[in-house]
Amino acid sequence: MATESAIKTIKEHIAKDKVFVASKSYCPYCKQTKQLLSQFKEAKPVILELDELDDGAELQAALAEITGQRTVPNVFIGGQHIGGNSDLQVLAQKDELADKIKAAL
């Protein structure tokens, strides 16, 4: 069960950040996500490295409660939950990712 504080923090990021990624610095799927998003300079993703934060486990628990997804990366564009790396890659393959990012900006 996530704390109210952690849930509030995550909800604020989802609402405020145009492109928000919950990540872990050592995760290969997170690295793929960050590499893909880096192609969209205007996106300026906000990335939380959960393994580098004191409350990272709480934030991950909050993400699981909010989205039902326990794994990272956990990606949001324009306040919408996209999913993980494979979901983001599919959007890119279908040529929908650029439009989704532009719409969020």
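Note: the structure precedes this text.
Here the residue index of a chain counts from 1 through its sequence in written order. The model is predicted, so local features are restricted to residues of pLDDT at least 70 and side-chain atom pairs to those at 80 or more, both for listing and for counting; the totals for chains, interfaces and linings are taken over all residues. To get the side-chain values, take all heavy atoms of the structure and skip hydrogens and water.

S.K.: Which residues make up the overall build of the protein chain, and what values do they have?
M.R.: Helix and strand definitions here come from DSSP, where helices need a minimum of 4 consecutive H or I residues and strands a minimum of 2 consecutive E residues; each element is numbered from the N-terminal end. Looking only at helices and strands, the protein chain has five helices and four strands in total. Relative to the compact-globule value of 13 Å for 105 residues, the protein chain shows a C-alpha radius of gyration of 13 Å, a close match. Across its three principal directions, the C-alpha atoms of the protein chain cover 35 × 25 × 20 Å. Taken over 105 residues, the protein chain has a buried fraction of 45%. Considering only residue pairs separated by 6 or more positions, the protein chain has 63% of its internal contacts joining residues 24 or more positions apart. Each accessible area is a Shrake-Rupley estimate made with a 1.4 Å probe; only the visible protein chains count as cover when residues are assessed. Carbon and sulfur atoms make up 50% of the accessible area of the protein chain, which totals about 5,900 Å². As defined in this context, the radius of gyration uses C-alpha atoms, and a globule is described by 2.2 Å times the residue total to the power 0.38. Residue exposure (1.4 Å probe, protein chains only): buried if accessible area is under 20% of the type maximum, exposed if over 50%, otherwise partly exposed. A contact between two residues is defined here by any heavy atoms of the two lying within 4.5 Å.

S.K.: Now, about the pairing of strand β1 (residues 19-23): what can you tell me, with residues and values included?
M.R.: Extensive coverage of β1 is indicated by the burial of five of its five residues. Burial along β1 is two-sided: the residues V19, V21 and S23 and F20 and A22 are all buried. Any two strands with at least two DSSP-identified bridges between them are counted as paired. Pairing of β1 with strand β3 (residues 74-77), which is carried by four bridges, proceeds in the antiparallel orientation. When the bridges of β3 are listed, A22 appears paired with N74. Handedness of a crossover: with both strands directed away from the viewer, a clockwise path from the first strand across the helix to the second marks it as right-handed. The handedness of the β1 to strand β2 (residues 46-49) crossover, carried by helix α2 (residues 28-37), is right-handed.

S.K.: Can you explain the pattern of salt bridges? Please cite residues and give values.
M.R.: Two side chains with opposite charge may pair up if their charged atoms get near one another. Between Lys or Arg on one side and Asp or Glu on the other, a salt bridge is scored when a side-chain nitrogen of the former is within 4 Å of a carboxyl oxygen of the latter. Counted under the stated rule, the structure contains three salt bridges. Here E12 makes a salt bridge to K8, at a shortest N to O gap of 3.1 Å. Of this pair, E12 and K8 both sit in helix α1 (residues 4-16), four residues apart, roughly one helical turn. For E12, a relative accessible area of 40% puts it in the partly exposed group. The closest approach of N and O atoms between K16 and D17, which form a salt bridge, is 3.6 Å. On the basis of relative accessibility, which here comes to 58%, the residue K16 falls in the exposed class. Judged by its relative accessible area of 8%, D17 falls in the buried class.

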